[in-house]
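Coordinate analysis (summary)
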Amino acid sequence: MAIVLVAEDEKDMQDIIVEYMKGGGHSCITADDGIDAVTILKNTPVDLAILDIMMPHLDGFSVCKIAREMYNIPIIFLTAKEGEDDKLKGYDIGADDYMTKPFSPKVLLAKVNALLRRSSSENTPETLTVGNLTLIPTSHSVMVAGDDVDLTYKEFELLRFFMQNKNQVFSREQLLNRIWGYDFEGNTRTVDTHIKTLRQKLGAEGRYIVTLIRSGYKFEV
């Protein structure tokens, strides 16, 4: 499951895209204009962004430029124009793909899945190591000083996310959205409970997960 930002000011189009993304197993965060999209990008980790070019307040090109300064996530543009100029401009500022309206939502979902697979293979190293703590994504295994640590799926995903984003502060809401999904109906206590258990299982290496009062957590190295 990935968290997908859908920035589209046409409500009907937005709903269709969200429906297909959810049908493909993904979670969605929606933005009705470019300002909303930038606010979401600044406050919530997302795995991929679908940006309409013609949005109120701030167009998709501007949002893409800002996103590229913060993240290396796949970005798909939606455009009502068939000309080459917009596409060339989009690729030049960092777009990964284009869909011209009207388009097939099934094809859009296929492109999303392909970009996510490529992004995952490019950005996920075989082994993550900090001190005596080792995480191997391909085998879903964790070791402390060479001894296997039995983690649940969510505990493993939390630890992997922290180790891939060292020294970055994440609020409980951000972690909830990233690990459990934007549509999760639980509350932030879920994050606290999982982190408490994760620390206990990691023993001395649990010290890397630092609590920041009124801010959240970070993996401090």
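Residues numbered from 1 in each chain as written. Predicted model: local features only at pLDDT ≥ 70, side-chain atom pairs only at ≥ 80, totals over all residues. Heavy atoms only, no water.

For the rest of this paragraph, the subject is the side chain of E157. Tracing the sequence through the fold places E157 in helix α6 (residues 153–164). Every residue in contact with E157, bar those within four places of it in the chain, is listed here: H140 and I179. (Helix = DSSP H or I, 4+ residues; strand = E, 2+ residues; numbered from the N terminus. Contact = heavy atoms within 4.5 Å.)

The subject of this paragraph is the packing of α6 against helix α8 (residues 189–202). At a minimum axis separation of 10 Å, α6 and α8 run at an interaxial angle of 80 degrees. Between α6 and α8, the crossing angle belongs to the class labelled roughly perpendicular. Contact with α6, carried on its side by K154, E155, L158, L159 and F162, involves H194, I195, T197, L198, K201 and L202 of α8 and no other residues of that element. Considering only residue class, the contact of α6 with α8 consists of six nonpolar, two polar and three charged. (Axes fitted to C-alpha atoms, helices over the stretch in contact; angles between N-to-C directions. Parallel < 35°, antiparallel > 145°, perpendicular 65-115°, else oblique. Nonpolar A, V, L, I, M, F, W, Y, C, P; charged D, E, K, R; others polar.)

The antiparallel open sheet is built from four strands, whose spatial order is β6-β7-β8-β9. The open sheet has two edge strands, β6 (128–130) and β9 (147–149), and neither has a second partner. Averaged over all pairs of adjacent strands, the angle between strand axes in this sheet comes to 25 degrees, irrespective of strand direction. With three bridges joining them, β6 and strand β7 (residues 133–136) adopt antiparallel strand pairing. Along β7, the bridge assignment pairs L128 with L135. (Pairing = 2+ DSSP bridges.)

Quick look at the environment of W180 now. Tracing the backbone through its elements, the reader meets W180 in helix α7 (residues 172–180). Sequence-wise, W180 and T190 are 10 residues apart; in three dimensions their C-alpha atoms are separated by 9.4 Å. Once you skip the residues sitting within four places of it in the chain, W180 turns out to touch M1, K154, L158, L175, T190, V191 and H194.

Turning to the domain arrangement of the protein, a few remarks are in order. Assigned domains within the protein: domain 1 (2–120) and domain 2 (128–219). If you look at the interface, domain 1 gives 10 residues, while domain 2 gives eight residues. At the boundary of domain 1 with domain 2, total buried surface from both sides reaches about 720 Å², with 55% on carbon and sulfur atoms. Of all residues in domain 1, the largest losses of buried area upon contact with domain 2 belong to I3, S27 and P45, amounting jointly to 49% of the total for that side. Taken together, the connections running from domain 1 to domain 2 amount to one salt bridge. As a salt-bridge pair, D47 and R178 come within 3.1 Å of each other at their nearest N and O atoms. Remark: the boundary between domain 1 and domain 2 carries two residue pairs in polar contact (both at pLDDT 80 or more). Element by element, the count of residues in the side of domain 1 that touches domain 2 is highest for strand β2 (residues 27–31), at three residues. (Domains from an automatic or database assignment. Buried area = accessible area lost by both parts, 1.4 Å probe. Salt bridge = Lys/Arg side-chain N within 4 Å of Asp/Glu carboxyl O. Polar contact = N/O pair within 3.5 Å; in protein donor to acceptor, adjacent residues only side chain to side chain.)

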